[in-house]
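Commentary on secondary and tertiary structure
Each chain is listed here by its residues.
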Amino acid sequence: MHEMSIAMNIINIACKEAEKDGASSISKIELDVGRLSGIMIDSLQFCYDAVCKGTLAENSLLEINELPAMACCKKCEHTFEIDAFMALCPECDSYEIDILQGRELKLRAVSVN
Amino acid sequence: MCDTCGCGADSTTFRKHGEDHHHHGDGHHHTHDHHTHDHSNDRTIAVEQDILGENNLLAQRNRGYFEAKNIFAINLVSSPGSGKTTLLEKTLTALKNDIPSAVIEGDQQTMNDADRIATTGVPVLQINTGNGCHLDAEMIHTAYGELKLQDNSTLFIENVGNLVCPALFDLGEDKRIVVISVTEGDDKPLKYPTMFDAADICIINKIDLLPYVQFDVEKCKEYALRVNHHLKFFEVSATTGEGMETWYAWLKDQSQK
């Protein structure tokens, strides 16, 4: 349930930004979440709904943009999309890959009024 | 509720071995305000911030502190029951004359692990996370402030037994070590890849039990390497001492860097 800590961080960052802007409430929070970020989206949504109560973000929408994960094969340098840490290079059948993207966990934007 | 100060049992507490009292972390504060929403005048603020940015920043501060004092910090992670505490007890007993050490213990509840470590004579601080499933950089910052770490020492951090959540939280350690015991499945690296991906070292513990369990060491290593080809392995039995010399030699070498 690290999603609870993550949800608290999201609300914290978003509320700080909204306060700096002088906003009275937050209507939407947009995230970029990589496929390999280690986050369960359903669980994050559940925690988010609990954590945003009583904050500027109460009743706000959580919009999650799931980013694909990409890897580069160490042996043949082929770049390909993966959906897990363990992935076989489709060109040379090697498991030795470097993950290029997919670990992202970013708060992209906050909509306020 | 805690009997000492009436705090909620889900808050994080820090206690040294032998101390009756504890204190609390600052926790995370929010601004609480009630509003009614009107979406007609919505505007968007571009934020572009890492959600774990605050933890990562604090972890970097811890790392800077460790570097300045030449402290070698390791973060031990595993499922509950893999033998992290026994591994630490044996390691500290064997190396206490060679490497000055300190220990931060993380568990949801109890002083049990800190009490076990304290019998080795090494300074130890117990963090009880309450309902928390992992240690974070802020807790480590508070803990080493209490422990008053020596220069040129090694800090062992035993994370909460959990093979999922601690993977995401950098504590500022030099090396993250995942411990797996042979009484677990040899496919654990495939089932919990995030943790194996985030580790530098993998210790396979309880190898004295190999004759009695269905655990294929080579298969486990192969699976772990498929997830993270940078992993280095130690195969040990903390109970019998088998393989421990290689682990000690590595620790001595790392702590002298």
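Residues numbered from 1 in each chain as written. Chains lettered and ligands numbered in written order. Predicted model: local features only at pLDDT ≥ 70, side-chain atom pairs only at ≥ 80, totals over all residues. Heavy atoms only, no water.

1. Points about helix α2 (residues 41–51) of chain A
Residues and elements named next belong to chain A. Going by this rule: For each residue, the accessible area found with a 1.4 Å probe, counting protein chains only, is set against the maximum for its type, and the residue is called buried under 20%, exposed over 50%, and partly exposed in between. For helices the rule is a DSSP run of H or I covering at least 4 residues; for strands it is a run of E covering at least 2, with both sets numbered from the N terminus onward. This arc is built from the directions going out from the helix axis to the C-beta atoms. In this description, contact between two residues means that some pair of their heavy atoms is separated by no more than 4.5 Å.
Those residues of α2 that fall on the buried side of the exposure criterion are S43, L44, C47, Y48 and V51. Buried positions in α2, seen along its axis, are confined to an arc of 135 degrees and lie on one side of it. α2 presents D42 and F46 as exposed residues on the side facing more than 90 degrees away from its buried surface. Each element contacted by the buried residues of α2 is listed here: α1 (2–20), β1 (26–34) and β2 (61–67).

2. Comments concerning unusual backbone geometry
The backbone phi angle of A:N59 is positive, close to 65 degrees, even though this residue is not glycine. Relative to the helices and strands, A:N59 resides in the loop between α2 and β2. Phi at B:N70 takes a positive value of approximately 55 degrees, unusual for a residue other than glycine. Position of B:N70 relative to the elements: it lies in the loop between α1 (53–68) and β4 (72–78). The partly exposed category is assigned to B:N70, whose relative accessible area is 33%.

3. A short note on the confidence of the model for chain B
All names here are of chain B. Using the following cut-off: For every residue, the pLDDT score states the predictor's confidence, bounded by 0 at the bottom and 100 at the top.
In the predicted model, chain B carries a mean pLDDT of 89, and the fraction of residues at 70 or more is 89%. A low-confidence stretch, residues 1–10 stays under pLDDT 50, and its non-local contacts, those more than four residues away or across chains, total 15 contacts. Below a pLDDT of 50 lies the segment residues 27–35, which in the model reaches 22 contacts outside its immediate sequence neighbourhood of four places, other chains included. Under the prediction, the complex receives an ipTM of 0.87, its pTM being 0.86.

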